[in-house]
Amino acid sequence: AQSVAQPEDQVNVAEGNPLTVKCTYSVSGNPYLFWYVQYPNRGLQFLLKYITGDNLVKGSYGFEAEFNKSQTSFHLKKPSALVSDSALYFCAVRDPPGGDYKLSFGAGTTVTVRA
Amino acid sequence: DTGVSQNPRHKITKRGQNVTFRCDPISEHNRLYWYRQTLGQGPEFLTYFQNEAQLEKSRLLSDRFSAERPKGSFSTLEIQRTEQGDSAMYLCASSLGLAGAPDTQYFGPGTRLTVL
C-alpha cells in the first residue's frame, strides 16, 4: 500500500519566518502527492498537488512544495508565514498511484504561527 | 461553484440508533468519496462512487454502514446500530474525473457524529 508520513506533530514559527512542513512518502511507481489544510471544525482545503514535471509546485495562499525523488519527500513551504496560516496540515498520496480514487493521508502536522 | 455541502454538520445520537448523513457534491462532479476522521488522525477512506456506481469499499466499512448515490448526484451514508467507536468526523469529497487525468478531491465541511 502507498503511504505518507509526517514526522512532526507540531511546527511552531514566528510570523514572517519561513515555514516548512515535512512529508515523506512510500510508494511503488510514480507518486501523486497532495497537500491539504484544515482549519478548526472545517473540512480540508486543497493547497497543491504533484503529478509530474517540475519538482517545485506552487499552490494556494503562497504555499509551494518541493518533490524530491531521491529523498522520497514532498515538503510544504512558505517563505513568510502568517498568523492565519495556523492550522492542521495533511500530506496525502493517491493510492494506488495513478489510480482513480482514494487518498491515503498522513497523521497531520499542527502549525502554530505566533505574532 | 458552491462547494461540497454536508448535512447535518453535527449529530448526537444514542448507542444503537441509526443515523444518516447527506453529501451534495460540486455540480457535475462525477466522483464522490466518503472518509472518516478521528481525533488526531488523518482522514481514512471509506468508499467511492463513480456516478451512481459504488466502486470501492474499505474494510473499515462494516456491514452496519451503507452508502448510496442513487442518481449520481447527492450521496447518503447510513450507520445502523451506532456504537461509541463510530464517533468521528465524516467527510465527503467530490472530483471531476476524466480518463487519463489525475483529479483533485474537494472536501465538504464534514459531519461530526457523537455517539453517547
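Residues numbered from 1 in each chain as written. Chains lettered and ligands numbered in written order. Predicted model: local features only at pLDDT ≥ 70, side-chain atom pairs only at ≥ 80, totals over all residues. Heavy atoms only, no water.

Overview of the overall build of chain A
Then, in step 1: A tally of regular secondary structure across chain A gives zero helices and twelve strands.
Then, in step 2: Traced from its N-terminal end to its C-terminal end, chain A shows the element sequence β-β-β-β-β-β-β-β-β-β-β-β.
Then, in step 3: Taking 115 residues into account, the globule formula puts the C-alpha radius of gyration at 13 Å, and chain A, at 13 Å, falls close to it.
Then, in step 4: Taking the principal axes of the C-alpha coordinates as reference, chain A spans close to 40 × 30 × 25 Å. (Helix = DSSP H or I, 4+ residues; strand = E, 2+ residues; numbered from the N terminus. Rg over C-alpha atoms; globule rule 2.2 N^0.38 Å.)

A few points about the pairing of strand S12 (residues 109-114) of chain A
All names here are of chain A.
Then, in step 1: Side chains Thr109, Val111 and Val113 of S12 all project onto a buried face; the interleaved residues Thr110, Thr112 and Arg114 project onto a face where none is buried.
Then, in step 2: Pairing analysis gives five bridges linking strand S2 (residues 10-14) to S12, with the strands arranged parallel. Bridged to Val13 within S12 is Val113.
Then, in step 3: In terms of strand pairing, strand S10 (residues 87-94) meets S12 through three bridges, oriented antiparallel. From the neighbouring strand, Leu88 faces S12, where its bridge partner is Thr110. (Buried < 20%, exposed > 50% of the residue type's maximum accessible area, 1.4 Å probe, protein only. Pairing = 2+ DSSP bridges.)

Remarks on the confidence of the model for chain B
Then, in step 1: On average, residues of chain B score 92 in pLDDT, and 98% of them reach the 70 mark or higher.
Then, in step 2: Within chain B, no element has a lower average pLDDT than strand S6 (residues 53-57) of chain B, which sits at 88, and none a higher one than strand S3 (residues 19-24) of chain B, at 98. (pLDDT = per-residue confidence, 0-100.)

A word on the state of the cysteines
Then, in step 1: Applying the stated criterion to the full structure yields two disulfides over all chains.
Then, in step 2: Here Cys23 of chain A connects covalently by a disulfide to Cys91 of chain A, the sulfurs 2.0 Å from one another. Taking the sign of the S-S torsion, -60° for the link of Cys23 of chain A and Cys91 of chain A, the bridge is left-handed. Residue Cys23 of chain A is located in the loop between strand S3 (19-21) and strand S4 (24-26), and its partner Cys91 of chain A is located in strand S10; the two are separated by 68 residues in the primary sequence. Across the pair, Cys91 of chain A and Cys23 of chain A agree in class, each one buried.
Then, in step 3: With its sulfur 1.8 Å from that of its partner, Cys23 of chain B forms a disulfide with Cys92 of chain B. The S-S bond linking Cys23 of chain B to Cys92 of chain B shows a torsion near -70°; that makes this disulfide left-handed. Residue Cys23 of chain B is found in strand S3, and its partner Cys92 of chain B is found in strand S9 (residues 88-95); the two are separated by 69 residues along the sequence.
Then, in step 4: Residue Cys92 of chain B is classed as buried on the basis of its relative accessible area of 0%. (Disulfide = S-S within 2.5 Å.)

Digging into the side chain of Asp103 of chain B
Residues and elements named next belong to chain B.
Then, in step 1: Examined against the element boundaries, Asp103 turns out to sit in the loop between S9 and strand S10 (106-107).
Then, in step 2: Engagement of the side chain of Asp103 in a polar contact is seen with the side chain of Tyr33, the distance being 3.4 Å.
Then, in step 3: One polar contact links Asp103 to Ser95, side chain to side chain, over a distance of 2.4 Å. (Polar contact = N/O pair within 3.5 Å; in protein donor to acceptor, adjacent residues only side chain to side chain.)

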